[in-house]
Amino acid sequence: MMLGIRGLPGTHPPRLGEDCYLAVVEDGDDIAACSVRTPPFGAIITRAELPTLECLAEDLAAKYKTLPAVLGPEPAVSTFANLWSRRAGTRWRPLMRMRLFVARQVQSLSAQPPGGLRIAVESDLPTVIPWAIAFHREARTGTPLDPAQTIREDVINQRLVVWDDGGAVSMATWAGRSDRSVRIGTAYTPPDHRRHGYASACVAALTQCLLDDGVTFCCINTDLTNATTNKIYPAIGYRPVCDISNIALQDG
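Residues numbered from 1 in each chain as written. Predicted model: local features only at pLDDT ≥ 70, side-chain atom pairs only at ≥ 80, totals over all residues. Heavy atoms only, no water.

Visitor: Kindly report on a negative patch on the surface, identifying the contributing residues and their values.
Guide: A contiguous patch of negative charge on the surface is contributed by Glu26, Asp27, Asp29 and Asp30. Turning to its location among the elements, aspartate 29 is positioned in the loop between β1 (21-27) and β2 (30-37). (Patch = residues over 30% accessible without salt bridge, like charges linked within 9 Å, V, L, I, M, F, W, Y side chains within 5 Å. Areas by Shrake-Rupley, 256 points an atom, 1.4 Å probe, with all protein chains shown as cover. Salt bridge = Lys/Arg side-chain N within 4 Å of Asp/Glu carboxyl O. Lys, Arg positive; Asp, Glu negative; His and termini not counted. Charge placed at Lys NZ, Arg CZ, Asp CG, Glu CD. Helix = DSSP H or I, 4+ residues; strand = E, 2+ residues; numbered from the N terminus.)

So, in structure tokens, the structure goes:
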């Protein structure tokens, strides 16, 4: 995820502003932890032991007066949230518990729905923008960005695909490509097109396209409370890696 935020050198310009945060905590010759933040988003941290997390909390506090959220693997992320909250005098609350999945190959679907994958075009915007807004509402992502603008940029940069069966019936985006990996982002099927296998076909086909394009693996995050997505992705070749949490660090 951190390497994906950096972007792929030579092809994707970095999205790192002047207020970004990039840190490595070293223990002798070893790397004990890494952290990154690109405001207005929260911080991302890796696994780490308590002394390392204390170091990260102190360093982040020296740069930012407030921090909206922190994302990372358990139990490190909850430990960091406790450290930050004691320092800031605020309460933290969980936003979402997720599971990180990785696919290095795609498993064939037991039943292929009609239609096929295609890259979204400008004429799809009246369809996919409401889908993106619905996705963020249903998934409770709490994104600080405008979903409509993000989707427009995805279409312009050919990072959004749809499964077309007499018209768009499902969509998926990709982002954060690095030298070896890429992340599947917004994957959404509207309620009236669900339970037809469109979502599985869309994500499976996109994953295969990205693997064919040279990445070693694709990753995707799922909401642990969403039984459907946690069933769909393993069925098409995604394997669980770790559980992560997104935690709000500000009251409200």
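Visitor: Residues and numbers for helix α6 (residues 198-212), please.
Guide: With 15 residues, α6 extends 21 Å between its outermost C-alpha atoms, agreeing within 8% with the 21 Å of an ideal straight helix rising 1.5 Å per residue. A positive backbone phi angle near 120° is found at glycine 214, which sits one or two residues after α6. (Expected span 1.5 Å × (residues − 1).)

Visitor: Would you mind going over the sheet that holds strand β11 (residues 239-248) in detail, with residue names and values included?
Guide: Taken in spatial order, the 11 strands make up an open sheet running β1-β2-β3-β4-β11-β5-β10-β9-β8-β7-β6, and their pairing is mixed. Two strands lie at the open edges of the sheet, namely β1 and β6 (116-119), each paired on one side alone. The mean inter-strand angle of the sheet, taken between neighbouring strand axes irrespective of direction, is 25°. As paired strands, β1 and β2 are joined by seven bridges and run antiparallel to one another. Along β2, the bridge assignment pairs tyrosine 21 with arginine 37. Running over the sheet, helix α2 (residues 50-63) touches β1, β2 and β3 (43-45) and is turned about 150° from β1. (Pairing = 2+ DSSP bridges. Axes fitted to C-alpha atoms, helices over the stretch in contact; angles between N-to-C directions. Contact = heavy atoms within 4.5 Å.)

Visitor: Talk me through the packing of aromatic side chains; I want residue IDs and the actual numbers.
Guide: This model, assessed by the stated rule, comprises three aromatic pairs. Considering the side-chain rings of phenylalanine 80 and tryptophan 84, the 6.3 Å spacing of their centres and the 20° angle between planes classify their relative orientation as stacked. With phenylalanine 80 and tryptophan 84 both in helix α3 (residues 76-88) and four residues apart, the pair spans about one turn of that helix. The same class applies to phenylalanine 80 as to tryptophan 84, namely buried. Directly above the aromatic system of tyrosine 64 lies the positively charged group of arginine 37, at a separation of 4.4 Å from the ring centroid. (Phe/Tyr/Trp six-rings, centres within 6.5 Å; stacked < 30°, edge-to-face > 60°. Buried < 20%, exposed > 50% of the residue type's maximum accessible area, 1.4 Å probe, protein only. Lys NZ or Arg CZ within 6 Å of the ring centre and 35° of its normal.)

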